Amino acid sequence: FADLLSIKESFLRLGQKMTLIFKPHPSCNYKLVKKILDEVSFDECKITHEPLFGQKEKLDFVFSSYSTSTLIPVMAGVPTIVFNSKVQKRANEEWDKVAEMYTGLSYFIEPSELFDTIESVIGGNSTQVRDKAHLREFFPDGAIDRSLDKLIALSNKNRCYLDKK
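Residues numbered from 1 in each chain as written. Predicted model: local features only at pLDDT ≥ 70, side-chain atom pairs only at ≥ 80, totals over all residues. Heavy atoms only, no water.

K.L.:
Can you walk me through the overall build of the protein in this structure?
P.N.:
A tally of regular secondary structure across the protein gives eight helices and five strands. Along the chain direction, N to C, the helices and strands of the protein fall in the order α-β-α-β-β-α-β-α-α-β-α-α-α. Taking 165 residues into account, the globule formula puts the C-alpha radius of gyration at 15 Å, and the protein, at 16 Å, falls close to it. Across the 165 residues that make up the protein, the buried fraction comes to 36%. (Helix = DSSP H or I, 4+ residues; strand = E, 2+ residues; numbered from the N terminus. Rg over C-alpha atoms; globule rule 2.2 N^0.38 Å. Buried < 20%, exposed > 50% of the residue type's maximum accessible area, 1.4 Å probe, protein only.)

K.L.:
Please explain helix α4 (residues 86-94) as it appears in this structure.
P.N.:
Residues separated by three or four positions in an α-helix point in the same direction, a consequence of the helix having 3.6 residues per turn. Every buried residue of α4 is accounted for by Q88, A91 and N92. Looking down the long axis of α4, one finds its buried residues gathered within 100 degrees of arc, a one-sided arrangement. The exposed set on the far side of α4, more than 90 degrees from its buried face, consists of K86, E93 and E94. Buried-residue contacts for α4 involve β4 (80-83), α5 (96-103) and β5 (108-109). (Arc of directions from axis to C-beta. Contact = heavy atoms within 4.5 Å.)

K.L.:
Help me understand the packing of aromatic side chains, please; the structure alone is not making it clear to me.
P.N.:
The description of an aromatic ring pair rests on the distance of the ring centres and on the angle between the ring planes. Scanning the model with the defined rule gives two aromatic pairs in all. On the numbers, 5.3 Å between centres and 80 degrees between planes, the contact of F61 with F63 is edge-to-face. Given the relative accessible area of 15%, F61 is considered buried. Pairing F63 with F83 gives two aromatic rings, centres 6.3 Å apart and planes at 15 degrees, and the pair type is stacked. Remark: F83 occurs in strand β4 and F63 occurs in strand β3 (residues 62-64); sequence separation between them is 20 residues. Across the pair, exposure class does not vary: F63 and F83 are buried alike. Through a chain of ring-to-ring contacts, three or more aromatic side chains come together here, namely F61, F63 and F83. (Phe/Tyr/Trp six-rings, centres within 6.5 Å; stacked < 30°, edge-to-face > 60°.)

K.L.:
Explain the nonpolar core here, please?
P.N.:
Across soluble globular proteins, nonpolar side chains have a tendency to be buried as a group. Ranked by internal contacts, the top residues of the largest apolar core, which has 15 residues, are I7, F11, F61, F63, I81, L114 and I118. For this core, the elements supplying multiple residues, two or more each, are α1 (2-14), α2 (30-40), β4 and α6 (114-122). The element contributing the most residues to this core is α6, with three residues. Once you skip the residues sitting within four places of it in the chain, I81 turns out to touch F61, V62, F63, S64, Y107, I109, T117, I118 and V121. (Core = buried A, V, L, I, M, F, W, Y, C linked by side-chain atoms within 4.5 Å.)

K.L.:
What is the right way to read helix α7 (residues 128-136) from this model?
P.N.:
All of the buried residues along α7 are D131, H134 and L135. For α7, the angular spread of the buried residues around the axis is 95 degrees, confining them to a single face.

K.L.:
Where do I start with the pattern of salt bridges in this structure?
P.N.:
Counted under the stated rule, the structure contains two salt bridges. Between K97 and E100 there is a salt bridge, with the nearest N and O atoms lying 3.6 Å from each other. Placement of both K97 and E100 in helix α5 is noted, with a separation of three residues, approximately one turn of the helix. Across the salt bridge formed by R130 and D131, the nearest N and O atoms sit 2.9 Å from each other. The class for R130 is partly exposed, based on a relative accessible area of 48%. For D131, a relative accessible area of 3% puts it in the buried group. (Salt bridge = Lys/Arg side-chain N within 4 Å of Asp/Glu carboxyl O.)

Just distances and angles here, no functional claims.
Pasting the structure below:
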């Protein structure tokens, strides 16, 4: 909740309107998520249960606390801001490779750095090539591109299926 308020306050300070597409973890209580988002009252807010790879064309950037799904927008070249949350800190303490992977991202930040980071992203400070190269250090050659190709094909297949209904 505090992270959402920080995001909203940062956009207000920058004089920017924001449409938030919120993807909760599948185990989250949907009614509680909706209530919290209504209380924060963004300019426009949508809750989606669709995978992030199907949303990537709509995204200017992504905010996240610890989640493996955060890696998909990074691989797809979408600027991704990762908060060093309590869960992230715990994961980093338990798994050295996870810590190395996440802390090596350009926008792995403490919540207090949010405003300056959003300002940097909006200002066009491009880190996508660097971050994608960083992730490649953790996966076999070509794995990221093959994964993205498979996700896009799956997304297109599902989109066709949904269009027929």
